[in-house]
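# Structure at a glance
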Amino acid sequence: MKAPNIPSWLRNAVFYQVYPQSFADSNGDGIGDLPGLIGKLDYIRSLGATAIWLNPMFESPFRDAGYDISDFRKVAPRYGTNADAVRLFKEAHRRGMKVVLDLVAGHTSDRHPWFREAIRNRESPYRGHYIFTGRESQKPPFGETVPATPRGEHYVANFLPFQPALNFGYLNPDPKKPWQVPPEHPDCLAVRCELRDIMKYWLDLGCDGFRVDMASSLIKEDAGAVALQRLWQGFRAWFDRDYPEAALISEWSHPIQAIGAGFHIDFLIHFGEKAYLYLFGPGNELNGEGRIPHVFFEKAGEGDVRLFLDPYLKHYEATRGTGYIALPTGNHDFQRPRRGRDFADLKVAYTFLLTMPGVPFLYYGDEIGMRNLDGLREKEGSMWRTGNRTPMQWDNRLPNLGFSTAPAHELYLPVDPAPDAPTVAAQESDRDSLLNFSRSLIALRKKTPALGNDGDFHPLYADPASSLFVFCRSHAGKMFAVAVNSGKVPREANIPQLSGARCVFGGGASLRGTRLAVAGVSASVWRLA
Ligand code: NOJ
Ligand code: CA
């Protein structure tokens, strides 16, 4: 098989995810914007990040924070203009960084002109862009309301009722349901063309690829992703030919299927293949120093790393060399890693995340350990996700910790009110801060190919009954071991491969012969002899 054409910059990419409304407000209206982000590019670069993934910044009624798009080709006025987007691409490129946009491929807002036209006029060419089911109601994946037009016509929604699904077809259309057509139907091919044109529009303006929202949702009732893989492989072939340096990143959480479909990177996160959940347990109930049920990264030390490792290895082995798995620190859909963890816990977790193979993603604010702010009122369809979307905390300027000059009550969401709310400014000047720790880990990763995106990975010690996990990373004959003990109890293990190894990062560990002893909540990186 021909070696896959992977954009060269992905080989050492480190991503930083920016939620535009909460990052930096340049004009004092309480909402982050593109000029604000441009003003912070040097900061993002200072972390060692080489690329940015920007959540949707397009025109939208914002009933799902911008994942309900009403114009795919226009920056929402609250974020700026298309000219600002072009300036963002240029300014990032000038600093050696890439910018990846969010492509909401599976649905539009119900206010999108295509949908409005489709429900107004049954003869409209946009009718076929959506899936109208007449009087047969369809339950949306989320939300209680059954999607219906003002005329009482039902349609298929992709996530919430106001997000009508675009029509990419059904794997096996049911002849009794005339709205189910095969993926090759001209209506579905027309939607594919729309999607390609949207991508082309932004790629030609200078963006460097897309994170594809709900990438696995396009073709309906295609559990094995057979037709879906063909669809994305088609886009990938087009990328390979016309945009070989542009990245395709999926929100799929099943790397075998997603990378098989042609994606360069797939997130392994809180749904789909269950693996990430066993590390961080977003959504689980906090229980003192642990969680219910237990996860690996908690002080109680009761988690089982194999619950993560076994499915991870299956996906890693099957996709290595053809695409990357991304294990992010967090994202805008689930709780921040700080929830139920202190800075020491986070240093251990980040040592793991930033030394694993694949492409690392840092969610804005996780580098300073921002809290998940529980108990906030829902904002723009945030549902359970409000507390992980609060504004970035830059410095100690009141009332908004440097995010915005607007009165506090006008902010998109409040900043952390705690007196010890973490800020960039405070952590810049503290050698031991999480911020500087994250920076040195990224620097170590970037100068050490064995610890980088392409280095090999294999576990050295992973016992279901221990909070110690040790794994090996290697490249071109150079070998490293990473030892993380997430639990508070010190641990020991006999690891023959460690004989003669030297600690190059972190601490709390000692080696006698082949016997490794680690303190509770500690992480270390070793150069193997
Ligand atoms: C996944 C996105 O990450 C999430 O924020 C959004 O609500 C849904 N897809 C619907 O687009
Ligand atoms: Ca603003």
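Reference entry: report on the structure contained in this document. Throughout, residues of each chain are indexed from 1 in the direction in which the sequence is written. Chains and ligands are labelled sequentially in the order written, the chains with letters from A and the ligands with numbers from 1. Given that the model is predicted, a residue must reach a pLDDT of at least 70 before its local features are reported, and side-chain atom pairs must reach 80 or more before they are shown or counted; all residues, however, enter totals for whole chains, interfaces and linings. For the side-chain quantities, the full set of heavy atoms in the structure was used; hydrogens and water were omitted.

## Structural notes on the coordination of the calcium ion (ligand 2)
To keep things clear, this is the line we draw: Donor criterion used throughout: N, O or S atom within 2.8 Å of the metal, extended to 3.2 Å for Na, K and Ca. Water excluded; incomplete-looking sites may result. Think of it in three bands: residues with accessible area under 20% of the maximum for their type are buried, residues over 50% are exposed, and the middle band is partly exposed, with areas taken using a 1.4 Å probe on protein chains only.
Looking at the calcium ion (ligand 2), one finds its protein donor set to be Asp-25 (OD), Asn-27 (OD1), Asp-29 (OD), Ile-31 (O) and Asp-33 (OD), positioned 2.2 to 2.3 Å from the metal centre. The motif formed by the donor residues of the calcium ion (ligand 2), counted along the single chain, is D-x1-N-x1-D-x1-I-x1-D. Grouping residues by exposure puts Ile-31 and Asp-33 together as buried.

## Description of the sheet that holds strand S18 (residues 491-494)
Hydrogen bonds along the backbone pair up the strands of a sheet, which may run parallel or antiparallel. Short version of the rule: When DSSP finds two or more bridges between a pair of strands, those strands are recorded as paired. In DSSP terms, a helix is any run of H or I states spanning at least four residues, a strand is any run of E spanning at least two, and both are numbered starting from the N terminus. Interaxial angles span 0 to 180 degrees and are taken between N-to-C directions of axes, which are lines fitted to C-alpha atoms, for helices over the stretch in contact.
Spatially, the three strands line up as an open sheet ordered S18-S21-S20, and their pairing is antiparallel. Lying at the two open borders of the sheet, with one neighbouring strand each, are S18 and strand S20 (509-512). Pairwise comparison of adjacent strand axes, ignoring direction, gives a mean angle of 15 degrees for this sheet. Two elements, S18 and strand S21 (residues 515-518), share four bridges in a ladder whose sense is antiparallel. Bridging across to S21, Arg-491 finds its partner in Val-518.

## Topic: helix H4 (residues 113-120)
This is how the line gets drawn: Arc, as used here, means the arc of the directions from the helix axis to the C-beta atoms. We call two residues contacting when some pair of their heavy atoms lies within 4.5 Å.
Those residues of H4 that sit buried are Trp-114, Phe-115, Ala-118 and Ile-119. Taken end-on, H4 shows its buried residues confined to a sector of 120 degrees, consistent with a single buried face. Against strand S4 (71-75), strand S6 (132-134), strand S7 (154-155) and helix H5 (186-205) lie the buried residues of H4.

## Comments concerning the side chain of Arg-78
Short version of the rule: Under this definition, polar contacts are N or O atom pairs within 3.5 Å; protein pairs additionally need one hydrogen-donor-capable and one acceptor-capable atom, and for neighbouring residues in sequence, both atoms have to be side-chain atoms.
By secondary structure assignment, the location of Arg-78 is in the loop between S4 and helix H3 (82-94). Of the polar contacts made by the side chain of Arg-78, one reaches the side chain of Glu-380; its length is 2.8 Å. When neighbours within four sequence positions are excluded, Arg-78 is seen to be in contact with Gln-21, Asp-29, Ile-31, Gly-32, Asp-33, Phe-62, Glu-380 and Tyr-412.

## Overview of the packing of helix H10 (residues 343-353) against helix H12 (residues 434-447)
The line we're drawing: For this classification, under 35 degrees means roughly parallel, over 145 means roughly antiparallel, 65 to 115 means roughly perpendicular, and everything else is oblique. For any helix crossing, the convention is left-handed if the near helix is rotated counterclockwise from the far helix by under a right angle, and right-handed if that rotation is clockwise. Residues were grouped as follows: Ala, Val, Leu, Ile, Met, Phe, Trp, Tyr, Cys and Pro as nonpolar; Asp, Glu, Lys and Arg as charged; and all remaining residues, including Gly, as polar.
Where H10 meets H12, the closest approach of the two axes is 10 Å, and the angle between their N-to-C directions is 15 degrees. Overall, the two elements H10 and H12 adopt an arrangement that is roughly parallel. Where H10 crosses over H12, the handedness of that crossing is right-handed. Here Phe-343, Leu-346, Lys-347, Tyr-350, Thr-351 and Leu-353 of H10 come into contact with H12, specifically with Leu-434, Phe-437, Ser-438, Leu-441 and Arg-445. Taken together, the residues of the contact of H10 with H12 break down into seven nonpolar, two polar and two charged.

## Observations concerning the sheet that holds strand S15 (residues 456-462)
Taken in spatial order, the five strands make up an open sheet running S15-S16-S17-S22-S19, and their pairing is antiparallel. The sheet is open, and its two borders are formed by S15 and strand S19 (502-506), each paired with just one other strand. Each adjacent strand pair in this sheet contributes to an overall mean axis angle of 25 degrees, direction not counted. Note that S15 and strand S16 (residues 468-475) share six bridges and pair antiparallel. Residue pairing for S16: Ala-462 is matched across the bridge by Phe-469.

## Regarding the site of ligand 1
Stated formally: The cutoff for a nearby residue is simple: one of its non-hydrogen atoms must lie within 4 Å of the molecule or strand. Each accessible area is a Shrake-Rupley estimate made with a 1.4 Å probe; only the visible protein chains count as cover when residues are assessed.
Contacts to ligand 1 come from Asp-64, Tyr-67, His-107, Phe-159, Arg-211, Asp-213, Met-214, Glu-251, His-332, Asp-333, Arg-385 and Arg-389. His-332 is positioned with one of its side-chain polar atoms (N or O) 2.7 Å from an oxygen atom of ligand 1. Measuring from an oxygen atom of ligand 1, one finds a side-chain N or O atom of Asp-333 at 2.5 Å. Notes on ligand 1: free accessible area 300 Å², of which the protein chains cover 97%. Partitioned by chemical class, the residues of the shell around ligand 1 number three nonpolar, two polar and seven charged.

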